[in-house]
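Residue strings, one per chain:
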Amino acid sequence: CSDPKIASLDGSLTPSPIYRCKAALPHSTLIGIIIHRYQRTQHHIIMLSSRLLLRSSSVSSSRRAAALLPSSSSSSAQHSSFSTTAQKNNGNKATNVVVVDGVRLPFAMSSTIYEDQLAVDLQRLAYQGLVTKTALNKEDVDYILSGTVIQEVRTSNIAREAAINAGFPASIGAHTVSMACISSSVAISSAAEKIISGKASVVLAGGVETFSDTPIRLSRHLRQKLITMSKAMKKGGPIGAVRHLLKGLKMKDISLEVPAIANYTTGEVMGVSSDKLSAKFGVSRLEQDEFTVRSHSMAGKAHADGWYDGEIVPYKGSTEENGIKATSTVEKVSKLKPAFVKPHGTHTAANSSYLTDGAAASLIMSEEKALELGFKPLCYIRDWSFKACDPFDELLLGPTYCSQEVLSRNNLNLESDIGVFEIHEAFAGQILSNLVAMNSQAFADANFGGKKVGEVDMSKLNTKGGSLAVGHPFGATGSRLVTTAAKRLQAENERFALIAACADGGLGHACILERYDN
Amino acid sequence: NPDKKVNTLSFALMREAQTMWEADIQSNSDIKSIVFTSAKESGFIAGADIFDISSVQDKSELVPVIEEALNFFLHMKAKDVPMVAAIHGPALGGGLEWALWCDYRICTDSKATKLGLPEVKLGLLPGFGGTQNLPALVGIQGAMDMMLTGKNILPAKAKKMGLVDLVVAPQSLESVAIETAEGLANGTVKKSKAKTKSLINRLIEDTPPGQNLMWSKVKETVDKNTDGNYPAPYEIIDCVKYGLAHPGMEKFKHEREGFAKLAATKESEALIGLFDGTTQMKKLSSGAEPIKVKKVAVMGAGLMGAGIAQVTAEKGYDVLLKDRDDAAVGRGISYMTDNWEKKCKRKRMTNYELNTNSSRVTPLSDHTESWKRHFAGADLVIEAVFEDLALKRKIIQQVEEVTPDHCVFATNTSAIPIADIAAPGEEVKRSENVVGMHYFSPVPQMPLLEIIPHAGTSDEALATAFAVGNKQGKTCVVVKDVPGFYVNRCLGPILSEVTALVKEGVPLDRLDKAMKKFGMPVGPITLIDNVGVDVASKVSNYLASADLGVRMGGGDLSLLSNMVEKGWLGKKSNQGFFTYSGKKGKPSIGPEVTAYLKDFTDGNTSDLSETDIQNRIVARLVNEAAMCLQDEIIENPVCGDIGLVFGIGFAPFRGGVFRYLDSVGTSSFVDMMNGYAETKGEQFEPVQLLKDYAASGKKFHDN
């Protein structure tokens, strides 16, 4: 594979033979090498017969690599050498995507402070808060995105309604994405993709969730009846309509469908999946409870230290996040009964994230535009992954797979290169299982050709609290993770951050951020 | 008149229409139906031209003119082809009356569309058949509500109450109107049937006992709202009642005679004068161009600041609302959103408008890192912080550092000279950009704004403050930079006189009752409680130590300052002169206050007549206002009248202090003052300007 002739043939984006030939070498690294080789042996390659094919493919891959990989000279040379070279020699300035800033409304237990608000209002306030925080001109925005999971029917494109009601110019396009708990991660990645592809340079990417206003529906049978009611009314008048309604109606139809946090395909409740996962990876109840208390006390401390000042948009003058129990103790937490698998399960109401209302928003720009508008970006977004795994077996193990993909693709070492970890805590058991999987040789042997993802240094993980404490409004968590990681990169003077999150459906997400040196 | 921005009915228009009718329509048998609509974007007809009415000296001459117009309507109807009114925008007063003569009314669902008979607000009645046609169309209760309040009816309501037959989108108004007119002519469209009244409404409107009950209820409401000071509502009631009893043509005669009678009243003259004055005051005398304002920063998110931010955001400006900390700004934001939510509930605002309004306001505190970046885009800064000279100057310094050079700095103060705030120095570099904008609390409700240039204020800065104030929906009075400016300066002597009257032992409720009878919205004692005893005490003491001299004398201001010490701050502390207990309980005078007053008056009691109370208070007010005119603190009597009517609620039907002088006669008023000066002291001594007007018999207003 190191032969440029063969490698160049691979550039046609049909990787299968090459992948097989060098299975241990991830595809993107391969591209990196191609480019590297390409520059050194340019003349040699151009003489090849498949010239046209080669040129088009290698140019596009060099762009991609440049966009995805560290390009600033301050990056550690070992990881960025190829992309930097590619950029220089190409004379073609790559579009770097930066995170300028991010905010969130205080996350709050559902049916508390946001009880009277619609999701669209929360998203509007988050967008508005971002404008307040950054002094961004609304006219400068090119596109607006929002991620959400449980939709209010009237605002199925919640991004648009929130944008319009937040006073953004009507001319700005907006759409909504949904990918379970990583919805706003998708929004941010989509923003980055828009920017890289040159379709936009300033994008607002947010996310929102409210569980205070979930759509509770009538039974399916009754819904069918009501939908066809007007037809029956036309045909048989009021009497016909009533007859239509009552015909074949059973007592059990007079019930309501309340949405559950369960997977559609497997029919399994998340908590049960996570409980099973913990059992599989041998994560004990005590470990989970300890981790939970850690999350709460760290979140409490971050609040007390003023870490979240500015990031949290005051709601009615307050930035309090009412789900954080800073004084909780393992002793107290361990008294709780299992919530999902009874009686022997390990997951309780405490070591599972609770139903949360909230919204967040991130301001994503091209580096060039950010500087032109006078902003000081927090970080680059370098790469991301949305791999998925089997929802029956390992529904919440996405973070492991995605981290592996994104790290190896960028040739980064989890242990030596990553200084900031922000990993979503759906359940203490889920995050701990992922940490075990990442550091398991057996798991690596089975899935990653023997190369472990690595051991996460707990002192670098979720040090400002995680979803267990802060809360987890499905659509908004992704944006919160990016903002916290980006701010930590700056504050802790680390180079790279790894973000990872699991989601329903066996989906996962991981993302690499690199500190921006202002 | 194609040159005018809006359509109004005038004598000239009526003749033109008549000519056109006779020439093209009357004898043209090809015309099967008629649509009346406006070619102007501004809409249908905004009303009758009030200059026409004012220009007729002998109001009884109006009777034949109206008769001619009415006959024209009857003449048109006599052609017996269907007439359709296609309404977009305002159809008010005579405009709506025109539509009422038609067979079918179609209006657009636009926000600009509003229908109403606001004549009562000018002390008049709808004279082109309105008092007769409207009740016939929408029922007596709906018609009385419209005519007695003069309120605008929006399209949805208009359809519901039967005022219009159809509501359409503006885009299809013309085509639908034409189709409907054709349909009416060929019988495919039927005239809307009269709304079937509910049983209860039939009982009320169509049975003698029901009617009696209704009329007594109506009169009761009118009595309560007008204190019997406004004749127009009674005349309107009379016309409707007369019409019910006289189905023939004489009801229209009765109506126009009523109109002429009302047009001749002082009240109507005063109200029209105010209306005119407000229109006049939309223009600034200097004629300088204001700078373009897009973003307004408001410093201080208290009641004042939040109120200013609210009216600014409502009019489409971007607003930066800044205070020291998030909690303070949060309270300001809540104040606004609460107000907007109330409007939403009353359907005066849509949820979308609420959201966009609130998103226009950017809450900032000292902790918002980006506040300077935000301020870099501000064109006007309005400061509403504590009354503290050093603080205000420090704020100017802060703001000047971060705002563009063109940014105008308006200071909202009631007690600090603008010149002191603007004095060039270490803190203030762009003194020419500093101007006073004195708002009245609560800002969203109070219609007046005093604009105070200091000697060095540039014309542009003044014009900018004026333009923004106007757009905020305020009537702006430009006044000189003197203590109290105009309104508070006039209020000072009133407060002084109130303390004097209390000291003499005049009972509090008697004081209030007398002034309410005079036409004030609330009595002076209630007023003090409402604005706050502390505020009243501060203002009066400030003015007593200022340059008013004897004109602030005669009272005992310790009445108020003692109360402040006791913590009796008025309504806000539930205890002022009156005790405010609970929601339902009427304010009452508690034993503590009685004891305090007994002590304050040394046990004196007085049974001064209502007239004496009124005269003494009004004399002090009039004297100060005249002094302001003499000293050119206000530009002219129109400013003076508007300032006091809108600023302290001086009886609108009297048209303001100067119109009041005109109507009672300055010379007799001066005589009365001289009398008080002899018995009560030199604070009643009429100022020179009053003496001059009294001697020459000159009037303050020409009409």
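All figures in this text were calculated on a predicted structure; none of them were measured in a lab. (Residues numbered from 1 in each chain as written. Chains lettered and ligands numbered in written order. Predicted model: local features only at pLDDT ≥ 70, side-chain atom pairs only at ≥ 80, totals over all residues. Heavy atoms only, no water.)

A count of helical and extended segments in chain B gives 31 helices and 14 strands. Scaling as 2.2 N^0.38, a compact globule of 703 residues should have a C-alpha radius of gyration of about 27 Å, and chain B matches this with 28 Å. Seen along its three principal axes, the alpha-carbon backbone of chain B occupies a region of about 80 × 65 × 55 Å. The buried share of chain B, reckoned over its 703 residues, is 55%. (Helix = DSSP H or I, 4+ residues; strand = E, 2+ residues; numbered from the N terminus. Rg over C-alpha atoms; globule rule 2.2 N^0.38 Å. Buried < 20%, exposed > 50% of the residue type's maximum accessible area, 1.4 Å probe, protein only.)

Right, let's get into the overall build of chain A. Helix and strand counts for chain A come out as 21 helices and 12 strands. Residue burial in chain A is summarised as follows: out of 518 residues, 57% are buried. Taking contacts inside chain A between residues at least 6 apart in sequence as the whole, the part at least 24 apart equals 79%. For chain A, the exposed surface amounts to about 21800 Å²; the carbon and sulfur share of it is 56%. (Contact = heavy atoms within 4.5 Å. Areas by Shrake-Rupley, 256 points an atom, 1.4 Å probe, with all protein chains shown as cover.)

Here the UniProt-annotated "domain: 3-hydroxyacyl-CoA dehydrogenase C-terminal" (unreviewed entry) positions come out as residues 484-580 of chain B. Counting secondary structure, residues 484-580 of chain B comes out at 60% helix and 0% strand; the distance between its end C-alpha atoms is 29 Å. (UniProt positions renumbered as here; feature names shortened; annotations may be inferred.)

A few words now on the sheet that holds strand β2 (residues 83-87) of chain B. All names here are of chain B. Strand order across the open sheet formed by four strands is β1-β2-β4-β6, with parallel pairing between neighbours. Of all the strands in the sheet, the pair left with one neighbour each is β1 (34-36) and β6 (166-168). Mean inter-strand twist for the sheet, computed between neighbouring axes without regard to direction, equals 25°. In terms of strand pairing, β1 meets β2 through three bridges, oriented parallel. Among the inter-strand pairings, I34 is bridged to a residue of β2, identified as M83. Packed onto the sheet, helix α8 (residues 173-186) meets β1, β2, β4 (104-108) and β6 and runs at close to 165° relative to β4. (Pairing = 2+ DSSP bridges. Axes fitted to C-alpha atoms, helices over the stretch in contact; angles between N-to-C directions.)

Turning next to the interface of chain B and chain A. Contact with chain B, which involves 18 residues of that partner, is made by 19 residues of chain A. Of all residues in chain B, N355, S359 and R373 of chain B bury the most surface against chain A, accounting for 42% of the area lost on that side. There are zero salt bridges connecting chain B and chain A. Summed over the shared surface of chain B and chain A, the number is 12 residue pairs in polar contact (both at pLDDT 80 or more). Mapped onto the side of chain B that touches chain A, the elements with two or more residues apiece are α15 (326-345), α16 (351-360), β9 (361-365) and α17 (371-375) of chain B. A per-element tally of the side of chain B that touches chain A places α16 of chain B first, with six residues. Of the residues in the side of chain B that touches chain A, the class split is five nonpolar, 10 polar and three charged. (Buried area = accessible area lost by both parts, 1.4 Å probe. Salt bridge = Lys/Arg side-chain N within 4 Å of Asp/Glu carboxyl O. Polar contact = N/O pair within 3.5 Å; in protein donor to acceptor, adjacent residues only side chain to side chain. Nonpolar A, V, L, I, M, F, W, Y, C, P; charged D, E, K, R; others polar.)

A word on the packing of aromatic side chains. Residues and elements named next belong to chain A. What the rule picks out here adds up to 27 aromatic pairs over all chains. With 6.3 Å between their ring centres and 85° between their planes, Y127 and F168 make a pair best called edge-to-face. Highlighted residues: Y127 in helix α7 (residues 119-134) and F168 in the loop between α8 (158-165) and β4 (173-177), separated in sequence by 41 residues. Residue F168 is classed as buried on the basis of its relative accessible area of 4%. (Phe/Tyr/Trp six-rings, centres within 6.5 Å; stacked < 30°, edge-to-face > 60°.)

Here we come to the confidence of the model for chain B. Mean pLDDT over chain B stands at 92; residues scoring 70 or higher make up 99%. The complex model carries a pTM of 0.85, and its ipTM stands at 0.84. (pLDDT = per-residue confidence, 0-100.)

Turning next to the packing of helix α16 (residues 398-409) of chain A against helix α18 (residues 428-438) of chain A. All names here are of chain A. Close contact between α16 and α18 brings their axes to 8 Å; oriented N to C, the two are set at 40°. Relative to α18, the element α16 is oriented oblique. As for the relative orientation of α16 and α18, their crossing is right-handed in sense. Along the contact surface, α16 presents G398, P399, T400 and S403, while α18 presents Q430, N434, A437 and M438. Tallied by class, the residues present in the contact of α16 with α18 amount to three nonpolar, five polar and no charged. (Parallel < 35°, antiparallel > 145°, perpendicular 65-115°, else oblique. Left-handed = near helix turned anticlockwise from the far one by under 90°.)

All right, on to the pattern of salt bridges then. Per the stated rule, a full pass over the model turns up 51 salt bridges over all chains. Each of R382, R495, E514, R515 and D517 of chain A takes part in salt bridges that share partners, so that together they form one network.

This part is about the domain arrangement of chain B. Looking at the assigned domains, one finds that chain B contains domain 1 (11-195 + 230-264), domain 2 (295-478) and domain 3 (486-566 + 593-633 + 665-696). Its C-alpha centre places domain 1 of chain B at a distance of 47 Å from the equivalent point of domain 3 of chain B. (Domains from an automatic or database assignment.)

The next point concerns the confidence of the model for chain A. For chain A, the average pLDDT comes to 85, and 82% of its residues sit at 70 or higher. Contacts for the low-pLDDT stretch residues 1-92 of chain A, under 50 throughout, to residues beyond four places or in other chains number 93 contacts.

In this section: the side chain of S110 of chain B. Residue and element names in this part refer to chain B. Topologically, S110 is positioned in the loop between β4 and β5 (114-116). Taking the relative accessible area as the measure of exposure, S110 reaches 17% and is therefore buried. Here A112 takes part through its backbone nitrogen, which lies 2.8 Å from a polar atom of the side chain of S110. Residues within four places of S110 in sequence aside, it is in contact with H88, P155 and P170.

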